[in-house]
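Residues per chain are reported as follows:
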Amino acid sequence: MTLERAKFPGESGKSVGSSRLLVRAARSDDLDALTALVNLPGFRAGTLRLPYQRSEVTRRWLENPDIDGLNIVAIRDGELIGQAGFERYRGRRAHVAYIGIGVHDDHRGTGVGSALLGELVDAADNWFGLRRLELTVYADNAAAIALYRKFGFEPEGLLRAYAFRAGAYADALTMARLRG
């Protein structure tokens, strides 16, 4: 995958396979596409979201971003197929951000997650000056865990019965990446 810089600030293009993947900042006109994305069964299964998220919830999230955070989306062939971001902590944890990422059910395994996570890590390291990125991932999500390991995240702990998902309690791992 090669990185191309787009002509507009806040956007970069990545060539993945034969199609162009655009990674850019999330914006208000992404409302309907983001709401549809987060309601996909596979996308939702990797998050703490409940089914049937209303567009009002997505609108509030888009209209009230963390001023010290980053929210990006991935677009392929005009379709929004991924979302990622981080929120920076305050005070004595200002060197840390918590990340979240998700990819459209039909586009997993195509490099979208790598492109999004690569942009988050680059921004954290080179623009926000963050030392630590942390996340929580379901312990049975092998593909996501492998992606995070590829970018230097290491498991730090097991959270038993972390969340209720699909009728049962699921364990999660805490993972973190330290820079420098």
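Shown above is the structure to which this text applies.
Residues numbered from 1 in each chain as written. Predicted model: local features only at pLDDT ≥ 70, side-chain atom pairs only at ≥ 80, totals over all residues. Heavy atoms only, no water.

S.K.: Even after reading the chapter, I still don't get the pairing of strand β7 (residues 132–138), so can you show me in this structure?
M.R.: Moving residue by residue along a regular strand, the side chains alternate between the two faces of the sheet. Across the 7 residues that make up β7, a large majority, 6, are buried. Across 3 bridges, the pairing between strand β6 (residues 96–103) and β7 is parallel. Of the residues in β7, the one forming a bridge with Ala97 is Leu133. For the handedness criterion, the β-α-β arrangement of β6, helix α4 (residues 112–126) and β7 is classed as right-handed. (Buried < 20%, exposed > 50% of the residue type's maximum accessible area, 1.4 Å probe, protein only. Helix = DSSP H or I, 4+ residues; strand = E, 2+ residues; numbered from the N terminus. Pairing = 2+ DSSP bridges. Right-handed = clockwise from strand over helix to strand, strands pointing away.)

S.K.: Is there a simple way to think about the nonpolar core in this case?
M.R.: Considering soluble globular proteins, one finds that nonpolar side chains tend to be buried as a cluster. One finds Leu117 and Phe153 to be the most contacted residues of the largest nonpolar core, which totals 30 residues. Mapped by element, the contributors of at least two residues to this core are β3 (19–25), β4 (70–76), β5 (79–88), β6, α4, β7, α5 (142–150) and β9 (168–178). Element by element, the count of residues in this core is highest for α4, at 8 residues. Beyond its immediate stretch of four places on either side in the chain, Leu117 contacts Ile99, Ile101, Leu147, Tyr148, Phe151 and Phe153. (Core = buried A, V, L, I, M, F, W, Y, C linked by side-chain atoms within 4.5 Å. Contact = heavy atoms within 4.5 Å.)

S.K.: In this structure, what is going on with the packing of aromatic side chains? I would like to understand it.
M.R.: We describe a pair of aromatic rings using the distance from one ring centre to the other and the angle between the two ring planes. For the structure shown, the criterion picks out 3 aromatic pairs. Taking the centre distance of 4.9 Å and the plane angle of 65° together, the rings of Phe164 and Tyr169 count as edge-to-face. The same class applies to Phe164 as to Tyr169, namely exposed. The lysine or arginine in question, Arg93, covers the ring of Tyr89, its NZ or CZ lying 4.7 Å from the ring centre. The side chain of Arg165 reaches across the aromatic face of Tyr138, ending 4.3 Å from its centre. (Phe/Tyr/Trp six-rings, centres within 6.5 Å; stacked < 30°, edge-to-face > 60°. Lys NZ or Arg CZ within 6 Å of the ring centre and 35° of its normal.)

S.K.: Sorry if this is basic, but what is going on with α4 here?
M.R.: It helps to recall that an α-helix has 3.6 residues per turn; residues three or four apart then point in one direction. When the terminal C-alpha atoms of α4 are compared, their 21 Å separation across 15 residues agrees well with the 21 Å that a helix rising 1.5 Å per residue should span. Burial within α4 is extensive, with 12 of its 15 residues counted as buried. (Expected span 1.5 Å × (residues − 1).)

S.K.: It is not clear to me how unusual backbone geometry should be interpreted in this structure. Could you clarify?
M.R.: Most peptide bonds adopt trans geometry, and most residues besides glycine take a negative phi value. Phi is positive for Asp77, close to 50°, though the residue is something other than glycine. Here Asp77 shows up in the loop between β4 and β5. By relative accessible area, Asp77 is classed as exposed at 68%. A positive phi is found at Ala161, a non-glycine position, where the angle reads about 50°. Positionally, Ala161 belongs in strand β8 (residues 154–165).

S.K.: Teacher, can you tell me more about the packing of helix α1 (residues 31–38) against helix α3 (residues 55–63) here?
M.R.: For any two helices packed against each other, the geometry is given by the interaxial angle and the distance between the axes. Interaxial distance between α1 and α3 falls to 9 Å at its minimum, and their mutual angle equals 120°. Crossing hand, α1 versus α3: right-handed. Across from Leu31, Leu34 and Thr35 in α1, the residues of α3 making contact are Ser55, Thr58, Arg59, Trp61 and Leu62. Taken together, the residues of the contact of α1 with α3 sort by class into 4 nonpolar, 3 polar and 1 charged. (Axes fitted to C-alpha atoms, helices over the stretch in contact; angles between N-to-C directions. Left-handed = near helix turned anticlockwise from the far one by under 90°. Nonpolar A, V, L, I, M, F, W, Y, C, P; charged D, E, K, R; others polar.)

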